[in-house]
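One letter stands for each residue in the lines below.
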Amino acid sequence: MLIDGRRLCAPADALAAFQLDFQRSCTAQVHDALQQAILQGKIPPRTALSEVAISSVIKVSRTPVREALAQLAEEPLVMIYRQVGTFVAMHIPESYFAD
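Residues numbered from 1 in each chain as written. Predicted model: local features only at pLDDT ≥ 70, side-chain atom pairs only at ≥ 80, totals over all residues. Heavy atoms only, no water.

Chemist: Lay out the packing of aromatic side chains in plain terms, naming residues and giving numbers.
Modeler: Inspection of every chain in the model, using the stated rule, returns 1 aromatic pair. Considering the side-chain rings of Tyr-81 and Phe-87, the 6.2 Å spacing of their centres and the 55° angle between planes classify their relative orientation as tilted. (Phe/Tyr/Trp six-rings, centres within 6.5 Å; stacked < 30°, edge-to-face > 60°.)

What follows is the structure, given as structure tokens:
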């Protein structure tokens with residue numbers, strides 16, 4: 001998929017099947033979709049995550065994407081570097097794999 005002449009990488013493929021449920025918060029749905037894609041390895045570590053690209057793929061505004069990425073940074077599944085970008089974390093916390 002091309003956006004503004006640039007090819008989207010893993011997030012576009014991983015989120016292609018996203019369906020918005022109008023009964024739930026957009027932020028919660030974006031968070032859940034990104035979290036599952038990261039935990040399932042569909043979006044690998046160190047992958048750059050663009051608000052613009054994600055919002056374009058799943059057809060929501062940038063605000064719920066930005067809020068979801070901030071939540072994921074607190075977990076910490078992504079790392080946000082000001083003036084640089086947002087990336088999938090190198091290591092997933094063990095708490096995600098505990099019974």
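From this point, the narrative continues.
Chemist: Account for the sheet that holds strand β5 (residues 85-88), with residues named and values stated.
Modeler: The strand order β3-β5-β4 describes an open sheet built from 3 strands, whose pairing is antiparallel. Each end of this open sheet is capped by a strand with a single partner; those strands are β3 (48-49) and β4 (78-81). Where β4 meets β5, 4 bridges bridge the pair, whose relative direction is antiparallel. The residue of β5 that forms the bridge with Tyr-81 is Gly-85. Against the sheet, helix α4 (residues 62-74) contacts β3, β4 and β5, and its axis sits at roughly 110° relative to β4. (Pairing = 2+ DSSP bridges. Helix = DSSP H or I, 4+ residues; strand = E, 2+ residues; numbered from the N terminus. Contact = heavy atoms within 4.5 Å. Axes fitted to C-alpha atoms, helices over the stretch in contact; angles between N-to-C directions.)

Chemist: How would you sum up the pairing of β5? Please name residues and give values.
Modeler: Side chains Thr-86 and Val-88 of β5 all project onto a buried face; the interleaved residues Gly-85 and Phe-87 project onto a face where none is buried. Bridging between β3 and β5 involves 2 bridges; their strand directions are antiparallel. When the sheet's bridge partners are listed, Leu-49 is paired in β5 with Thr-86. The hairpin formed by β4 and β5 contains 3 residues between the paired strands, and Gln-83 there has a positive phi angle of roughly 65°. (Buried < 20%, exposed > 50% of the residue type's maximum accessible area, 1.4 Å probe, protein only.)

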